[in-house]
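Listed below are the residues making up each chain.
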Amino acid sequence: MQGSTLEANVDFKQVFAAALRYSSARGLFAYAARNGCSVRSVDLVAAYLQGKFVDGEVVYCHLPQGYPEYDEKGRPKLAKVQKPIYGIQQAGRRLQRMLFKWLEDQGFVKLDDSDPCIYKLTTPDGEILTIGLYVDNLQIVHSAKLDKDGRGPPGCAYNAFMDKLATDWEVTDEGPMEDLLGIEVNYNADGSIKLHQKK
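Only a predicted model underlies this, so the values are computations on that prediction, with no experimental measurement involved.

### What about the overall build of the chain?
Scanning the chain for helices and strands turns up three helices and eleven strands. Counting only C-alpha atoms, the chain reaches 75 × 40 × 35 Å along its principal axes. For the chain, buried positions account for 40% of its 199 residues. For the chain, long-range pairs separated by at least 24 residues make up 61% of all intrachain contacts whose partners lie at least 6 apart in sequence. For the chain, the exposed surface amounts to about 11,900 Å²; the carbon and sulfur share of it is 50%. Taking the average place of the 24 positive charges on the side chains of the chain and the average place of its 27 negative ones, the gap between the two points comes to 3 Å.

Below you can see the structure in the form of structure tokens.
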């Protein structure tokens, strides 16, 4: 797929997809430290392939070189792309719009206008569950204390969220977040979080 050959207003209309700001990522670590929370990293596997085209959106591409197919009149056949793939201009936007809506369907609310990539869940018992989205990576700030298998106490919002996430999306739970956007993370015994870039 050669995304550079796609034409605006023919093959796609909008391509913008927001990304978590550096200041927001640092702010979420500060929020976690102040509230005695942990930060978990979850990655969407082959993220763009999990998106969907909107109704009426159609993209075609040539067949791979070396594998030509022709119709009965000798014309080369084209392939219809079934879902966004890497190289398509709007793939990031399609993924993000699906993920934003999915979070809202789970009861999360966009924090405010300062960063559209932060979502917060309000729970009856005050459990903290806030998420920063950077393309295909989720920075999850949570107050639930997890066991060695990454599970919180029975009935906690964190478990419900992670179970639903794993059911609806193909994800990898990477454990405590160790780096994000070039920021390296150390968790200190006193609950503070050190951010650095030693590497």
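### Observations regarding the nonpolar core
Ranked by internal contacts, the top residues of the largest apolar core, which has 41 residues, are Leu133, Leu138, Ile140 and Phe161. Secondary-structure elements contributing two or more residues to this core are helix 1 (22–34), strand 1 (38–44), helix 2 (91–105), strand 5 (118–121), strand 6 (129–134), strand 7 (137–142) and helix 3 (157–168). In this view, Leu138 contacts Arg40, Ser41, Val42, Leu44, Ile131, Gly132, Leu133, Phe161, Leu165 and Met177; residues no more than four positions away in its chain are not counted. In terms of nonpolar packing, the next biggest core, distinct from the first, is built from six residues, Phe53, Val59, Cys61 and Ile88 among them.

### Some details on the packing of aromatic side chains
One pass over the structure, following the stated rule, counts four aromatic pairs. Among the aromatic residues, ring-to-ring pairing joins Trp102, Phe108, Phe161 and Trp169 into one connected group.

### Comments concerning the pattern of salt bridges
Taken as a whole and assessed by the stated rule, the structure comprises six salt bridges. Among the salt bridges present, the one from Arg151 reaches Asp163, with a minimum N-O distance of 2.7 Å. Of the two residues, Arg151 is situated in the loop between strand 7 and helix 3 and Asp163 in helix 3; the sequence distance between them amounts to twelve residues. Note on Asp163: relative accessible area 38%, which makes it partly exposed.

### Notes on the sheet that holds strand 4 (residues 109–110)
Reading across from one edge, 4-5-6-7-1-8 is the order of the six strands in this open sheet, with antiparallel pairing throughout. Single-partner strands in this sheet number two, and they are strand 4 and strand 8 (171–176). The pairing of strand 1 with strand 7 spans six bridges and is antiparallel. Following the sheet pairing, Ser38 is matched in strand 7 by His142. In the packing of helix 3 onto the sheet, the strands contacted are strand 1, strand 5, strand 6, strand 7 and strand 8, and the crossing angle to strand 7 comes to about 165°.

### Brief notes about a nonpolar patch on the surface
Residues Val58, Tyr60 and Leu78 make up a contiguous nonpolar surface patch of roughly 290 Å² in combined accessible area. Of note, Leu78 is situated in strand 3 (residues 78–81).

### Points about the sheet that holds strand 11 (residues 193–196)
Ordered by their spatial adjacency, three strands build an open sheet running 9-10-11, and the pairing between neighbours is antiparallel. The outermost strands of the open sheet, each flanked by one partner alone, are strand 9 (179–180) and strand 11. Here strand 9 pairs with strand 10 (residues 183–187) via two bridges, running antiparallel. Bridge pairing links Leu180 to Ile183 in strand 10. The sheet strands contacting helix 1 are strand 9, strand 10 and strand 11, and the helix crosses strand 11 at an angle near 160°.

Rules behind the numbers
Residues numbered from 1 in each chain as written. Predicted model: local features only at pLDDT ≥ 70, side-chain atom pairs only at ≥ 80, totals over all residues. Heavy atoms only, no water. Helix = DSSP H or I, 4+ residues; strand = E, 2+ residues; numbered from the N terminus. Buried < 20%, exposed > 50% of the residue type's maximum accessible area, 1.4 Å probe, protein only. Contact = heavy atoms within 4.5 Å. Areas by Shrake-Rupley, 256 points an atom, 1.4 Å probe, with all protein chains shown as cover. Lys, Arg positive; Asp, Glu negative; His and termini not counted. Charge placed at Lys NZ, Arg CZ, Asp CG, Glu CD. Core = buried A, V, L, I, M, F, W, Y, C linked by side-chain atoms within 4.5 Å. Phe/Tyr/Trp six-rings, centres within 6.5 Å; stacked < 30°, edge-to-face > 60°. Salt bridge = Lys/Arg side-chain N within 4 Å of Asp/Glu carboxyl O. Pairing = 2+ DSSP bridges. Axes fitted to C-alpha atoms, helices over the stretch in contact; angles between N-to-C directions. Patch = residues over 30% accessible without salt bridge, like charges linked within 9 Å, V, L, I, M, F, W, Y side chains within 5 Å.

None of the figures reported here should be taken as evidence of function without further support.
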